[in-house]
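# Structural description and commentary
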Amino acid sequence: MSETLSLGICCMNSKLTGKPMQAILSRLRSCGDFELVEFEEGDILQKSVEEWQDVKCLIAFDSKGFPLQKCIEYCNLRLPTCINNVEAQIILESRVAVYNMLKDWCIPCPDHIIVEHDKVAPMGPNILQETDNFIVFNGKKIEKPFVEKPEDADRHDIYIYYPRNLGGGAKKLFRKVKDKSSEFDPKQNAIRRDGTYIYEPFLTTSGTDIKVYTCGASYVHAEARKAPTVDGKVIRSKDGKEVRYPVVLSHGEKMIAAFIVKAFRQNVCGFDILRTANGSFVCDVNGWSFVKGNQKYYNDCASLIRQHLLVECGVRGKDEPVELLKAPSNEELDKGVEVSNSFCFDCHHMPESTDWRLRSVFVVMRHGDRRPKEKQKFKTRQAVFLKYFNNQSDATEVKLKTPEELEKLKTALLQTMKEIMSEISALKTDVKDSRPGCCDGASLSWLYKYFFPKANEKGGEEEPRLNLKELESDFNNLELMIPVLAMQERFSGFERKIQLKATKWKGNKVREVQVVVKWGGELTVGGLQRAESLGQTLREQLYFEDPAGLLRLHSSFRHDFKIYSSQEGRCLITAAAFTKGFLELDGDIIPILVSLVHSEGYGQAVLDEPIPKKVRTSVKELIEDILTTDKDILQQLTARGSLSNNPALLGCLQKIGNPLALLYRIKELAEEYILSISAAMKRCEQCNFDPDDEAHDDAVHLSDMSGSVPDPMIPFDLEES
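## Here's the deal with the overall build of the protein chain
- Regarding its fold elements, the protein chain presents 22 helices and 24 strands.
- Counting every position in the protein chain, which comprises 721 residues, the buried fraction comes to 45%.
- Within the protein chain, residue pairs in contact and separated by at least 24 positions form 66% of the contacts whose partners lie at least 6 positions apart.
- Only carbon and sulfur atoms are counted for the fraction: they give 52% of the accessible area of the protein chain, which is about 41000 Å².

## Quick look at a negative patch on the surface
- A contiguous patch of negative charge, built from Glu93, Glu151, Asp152 and Asp154, is present on the exposed surface.
- Mapped onto the secondary structure, Glu93 falls in the loop between β4 (81–82) and α5 (95–104).

## Remarks on the packing of aromatic side chains
- Enumeration over the complete set of coordinates arrives at 16 aromatic pairs.
- Note on Tyr197 and Tyr199: the rings are 6.4 Å apart at their centroids and 45° apart in plane angle, and the pair reads as tilted.
- By relative accessible area, which is 1% here, Tyr197 ends up buried.
- Exposure remark for Tyr199: the relative accessible area of 0% places this residue in the buried category.
- Clustering of aromatic rings is evident, with ring pairs tying together Phe61, Tyr219, Trp288, Phe290, Tyr297 and Tyr298.
- Across the ring face of Phe134, the terminal group of Lys141 is positioned such that the distance to the ring centre comes to 4.1 Å.

## Observations concerning the side chain of His117
- By the element assignment, His117 lies in the loop between β5 (113–116) and β6 (128–130).
- Residue His117 is classed as buried on the basis of its relative accessible area of 4%.
- At 3.0 Å, the side chain of His117 forms a polar contact with the side chain of Tyr199.
- The contacts of His117, once residues within four sequence positions are left out, are Met123, Leu128, Ile191, Arg192, Arg193, Gly195, Tyr197 and Tyr199.

## Description of a nonpolar patch on the surface
- Together, Ile611, Val615, Val619, Ile623, Leu627, Ile656, Leu662, Leu663 and Ile666 make up a nonpolar patch on the protein surface, roughly 710 Å² of accessible area in all.
- For the nonpolar patch, the secondary structure elements donating two or more residues are α19 (613–627) and α22 (659–686).
- For the nonpolar patch, the element with the most residues is α19, which contributes four residues.
- By the secondary structure assignment, Ile611 is in the loop between α18 (602–607) and α19.

## What about the sheet that holds strand β10 (residues 159–161)?
- One open sheet holds the six strands; their spatial order is β5-β13-β9-β10-β11-β12, and the pairing between them is antiparallel. Every interior strand has two partners, whereas the edge strands, β5 and β12 (180–185), have only one. If you compare each strand with its neighbour and ignore which way they point, the axes differ by 25° on average.
- Examined bridge by bridge, strand β9 (residues 146–150) and β10 share three bridges and lie antiparallel to one another. Bridge pairing links Phe146 to Tyr161 in β10.
- Each of β5, β9 and β13 (196–201) touches α5; the most contacted strand, β13, lies at about 50° to it.

## Thoughts on the pattern of salt bridges
- Applying the stated rule across the entire model yields 28 salt bridges.
- The partner of Glu253 in a salt bridge is Arg275, and the shortest N-O contact between them spans 2.9 Å. On the criterion of sequence distance, the pair formed by Glu253 in helix α6 (residues 251–264) and Arg275 in strand β17 (residues 268–276) is long-range, its members being 22 residues apart.
- Assessed through its relative accessible area of 3%, Glu253 is described here as buried.
- Among the ionic pairs, Asp300 bridges to Lys296, the shortest N-O distance being 2.8 Å. In this pair, Asp300 and Lys296 both sit in helix α7 (residues 295–313), four residues apart, roughly one turn of the helix.
- Taking the relative accessible area as the measure of exposure, Lys296 reaches 56% and is therefore exposed.
- One network of salt bridges, with partners in common, ties together Glu148, Arg155, Asp157 and Arg192.

## Things to note about the pairing of strand β20 (residues 397–400)
- Where burial is concerned, the two faces of β20 differ: the one with Val398 and Leu400 is buried and the one with Glu397 and Lys399 is not.
- Bridging between β20 and strand β21 (residues 496–506) involves four bridges; their strand directions are antiparallel. Across the sheet, Glu397 pairs through a bridge with Lys501, a residue of β21.

## Comments concerning helix α14 (residues 525–542)
- Given a rise of 1.5 Å per residue, 18 residues ought to cover 26 Å, and the 26 Å separating the end C-alpha atoms of α14 matches this to within 8%.
- If you check which residues of α14 are buried, you get Gly527, Ala531, Gly535, Leu538 and Arg539. Buried residues in α14, looked at end-on, bunch into an arc of 115°, giving them a common side. Counted as exposed and oriented over 90 degrees from the buried face of α14: Val525, Gln529 and Gln541.

## Regarding the packing of helix α16 (residues 569–582) against helix α17 (residues 589–596)
- Contact geometry for α16 and α17: axes closest at 9 Å, N-to-C directions at 95°. Put simply, α16 runs roughly perpendicular to α17. Taken together, the residues of α17 that come into contact with α16 (itself represented by Leu572, Ile573, Ala576, Ala577, Thr579 and Lys580) are Ile589, Ile592, Leu593 and Leu596.
- Partitioning the contact of α16 with α17 into residue classes produces eight nonpolar, one polar and one charged.

## A look at unusual backbone geometry
- A cis geometry characterises the amide bond from Ala121 onward to Pro122, with omega recorded as 10°.
- If you trace the backbone, Pro122 turns up in the loop between β5 and β6.
- Looking along the chain, the bond that leaves Lys144 and enters Pro145 is cis, with omega of 5°.
- Relative to the helices and strands, Pro145 resides in the loop between β8 (140–143) and β9.

## Considerations on the environment of Lys241
- Here Lys241 shows up in the loop between β15 (220–226) and β16 (245–246).
- Residues Lys241 and Gly293, spaced 52 residues apart in sequence, show a C-alpha to C-alpha distance of 8.8 Å.

## Considering the sheet that holds β6
- Ordered in space as β6-β7-β8, the three strands form an open sheet in which the pairing is antiparallel. Two strands in the sheet have a free side with no partner beyond their single neighbour: β6 and β8. Across this sheet, the average inter-strand angle for adjacent strands is 15°, counted without regard to direction.

Reading the values: the criteria
The residue numbers shown here count from 1 along each chain, following its written sequence. Only residues with pLDDT of at least 70 are given local features in this predicted model, and only at 80 or more are side-chain atom pairs given and counted; all residues enter the totals for whole chains, interfaces and linings. Heavy atoms from the whole structure form the basis of all side-chain values; hydrogens and water molecules are not counted. Here a strand is any run of E in DSSP of at least two residues, a helix any run of H or I of at least four, and the numbering for each starts at the N terminus. We call a residue buried when its accessible area falls under 20% of the maximum for its residue type, exposed when it is over 50%, and partly exposed in between, using a 1.4 Å probe and counting protein chains only. Note on contacts: a residue pair is in contact if any heavy atoms of the two residues lie within 4.5 Å. For the area figures, the Shrake-Rupley method with a 1.4 Å probe applies, and any residue is considered shielded solely by the protein chains shown. Patch definition: residues above 30% relative accessible area lacking any salt bridge, with like charges linked at up to 9 Å and the nonpolar side chains Val, Leu, Ile, Met, Phe, Trp and Tyr linked at up to 5 Å. Only one rule defines a salt bridge in this text: a Lys or Arg side-chain nitrogen within 4 Å of an Asp or Glu carboxyl oxygen. This count recognises Lys and Arg as positive and Asp and Glu as negative, with His and chain-terminal groups excluded. Charged side chains are reduced to one point each, which is NZ for Lys, CZ for Arg, CG for Asp and CD for Glu. Under the pairing criterion, centres of Phe, Tyr and Trp rings, with the six-membered ring standing for Trp, must be within 6.5 Å; the plane angle then separates stacked pairs below 30 degrees from edge-to-face pairs above 60, leaving the rest tilted. Criterion for a charge above a ring: Arg CZ or Lys NZ at most 6 Å from the ring centre, at most 35 degrees from the ring normal. Counted as a polar contact is a pair of N or O atoms within 3.5 Å, where, for protein atoms, one must be capable of donating a hydrogen and the other of accepting one, and residues adjacent in sequence contribute only when both atoms are in side chains. By definition, two strands form a pair when at least two bridges between them are found by DSSP. Interaxial angle, 0 to 180 degrees, is taken between N-to-C directions of lines fitted to C-alpha atoms, where a helix line uses only the stretch in contact. Helix span is expected to be 1.5 Å times the residue number reduced by one. Each direction from the helix axis to a C-beta atom contributes to the arc, which is the arc of those directions. Here roughly perpendicular refers to angles of 65 to 115 degrees, roughly parallel to angles under 35, roughly antiparallel to angles over 145, and oblique to all remaining angles. Under the scheme applied here, ten amino acids are nonpolar (Ala, Val, Leu, Ile, Met, Phe, Trp, Tyr, Cys and Pro), four are charged (Asp, Glu, Lys and Arg), and all others, including Gly, are polar.

In C-alpha cells form, the structure reads like this:
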C-alpha cells in the first residue's frame, strides 16, 4: 500500500538550515513519499511536548542548546519511527560514556585513564602523580605526549601535552576559527584539574585524521583531512570549505563502522578514526553528521533514509524516486549547486611515448649545522654513583637522560660536594698535624697516607675511605658537572646525558664507576632554517607545475610520505624542520615532530643499528696497532693487503708517513701550545687584561665557579695571525 508519511525534522535552526541538511531534505521531499514537517525552534524550546505536531517518522538529533530530554519525552508520547534513537543520544554527551560503550562492544579505542579531579587525594581516595614526562593514576602510567579530553563532548578544548625532553608545552585544540584550529602554548605543561578528563597516549597518524560517515550499518563514507595537531592551519578550497579527500576503508574499519551503528543505535552517524601502524582506533563518536559538498553522498544518504523509513513503517514507496534522486543537472550546477571536492589524480599531462614512471623518491640526509659536542669523562668510587648499581646485579651501564633523572642527580651531587669538602678539610687538618718535618720514615708514612686509601675502622666489606688526592679530584669533577646539569634554557633532555659504566667489582658489588657526561651538539638556528628551506626546494622541484599537488596526495594517503629519524635531538629537529618545509606547514616544530617524524621501530633498525661490540673492539685494536707501529703507514697497509687505490686516500697516507713519529710530533706541538697559553696569561695579567671584553666572546666558561678550569686565552704566537 502506498501512502504519504509525515516526516518531522526536530533540531536546532542552525542545523536545519545548513546546506548538507537541506540537500538531503530536498531529495526526500522530491521523492513524494514524505510530507516534511519542520519543527520551529521556538516551539521546541518553549512549548510542551503535547503541543508538538504529531508525526509518523522523526529525524531528531542533539546539538548545543537542544532540549534532548524534552525530545525523549515526545518520542515516548508519540512513538514515531526514528532514524536515530533519541534516548541513546544521551551517551554521546559524555566522552566517558562513549569510551565505555566502545569497550563494551570491543570496538578498538585508545588506551586511556579517566580522572575525576575532585576525587583525587587529598579530596578523594584516588592518587594522581604528575611529572614533566608522564602522569600516574592509581598505578597506571601514561607517558607524554598524551591527549587530555574534557568529559563534556560539547567542549572542544582538547590539549596535547609534550614531554620536557622534546621541549615541553601543549597544543591547544579548539573549534575552527577562520583558518585556525589549534595553537601551541610552550608554557602549558601542567594538566588541568578543574573537572573530569580523559587522558590517552598521543597516537601517530602521519598528520591526518579520518572522518567516517555512516548511513546504516552497510553504508560508509570516509574522508581524510590534515590533523589539527600538526600546525593548526586549516586548508580551505576556493569556496571556503575545509579541504578533504576520499579514503578507502579497510575491511576491519568497515566492520568498526557497522558496530558503531549498532552499539549507539544511530543510523546516520559520524565518528573519527586514528589510523596508526598498530591498527585503527576510534577516538570520538559525534552522532548525526553529514558529508559536506558531495552530491553522490547526498543521493545515497537520502535514498537509504527513505528506504529505512518505508520498511520500518511497512509502506510501499512510489516508483518515481529513482529518477528524482539523480545527481543535479549541468544547468543546476551552473546555477551554483554544490559540487564535490574530489580531485583527479590523473589529470596531469603525461607524455604518451614515455616508458618510465616515477614510483618513489628516497631522500637520505645528515642533520643540519650543530653546535660543538662536549664530553667529560672520569672514574670515581663515590657512593652517589655506585648506588645506581645496587639493585641491578647484572647491570654494567646506566644512562640518565630525563630531566627528572638529571635534576635528582644534581641535588645528590651538591650534597656529595658538601660532604667531600668536609672530608678534605678534616683530612688536611689531620695531615697537617701529623706531617713530619724532615725526610725520614715518618715522611714515607705521610706520603702513603696522602696517596693511598685509609682503611675503614669498620672493616668487613666496607669500601676503604678515599684519600686526599682522590677527594680533590672527585670534587673538581663534580664541580664541572653541576653547570651542565643546571643548564635549562638552551639545553633539553635529548642534548645531554650521563652514562655510568661499571669498571671494578668486589664480589657482586660495583666498586668503581666511569662517569661520561655528554652535552651540546644541538641544532643551530641556521641549521634549522636550512633544513626547512631544503624541504621547500625539494617540493617545488618535484612538483614544479603544481606545488600543492603533493599536499593533496599526502592528505589522501595516496602518497605514502614517511620520514624517519634517529633518536638524536639534532636529527629529530632537522627531520621536523624539513617536513615543515616539504608539506608547507605552519607553527612550532614540536607538534610537527611528534605528529609526523618516526623515531622508533623500523626507522631505528635502519638508521641506528649498532655495530657489534666485538667488531668495534677488533677495529679499534687494529687502528691502535697501526698508529703505534714505528713504520711507514703505506708499508703497513701494503703488507696487510688493505691498501686502497683511491688517489685522495693515498695522498693522505703519504702525508701521514710514520704514524708513531707523527703522534710524538703532535705531542710536542700540544706541549708548546700549552706553554704559549701560560705565557699569554702572564702577559695579560701584567697588562690588566679583561676576560669579559666583547673581543673574547668565544672564551665560554664551562663553570661560573672560580678555580674550576683555566680561562682559555689567545697564545702569543697566534695573536698576529
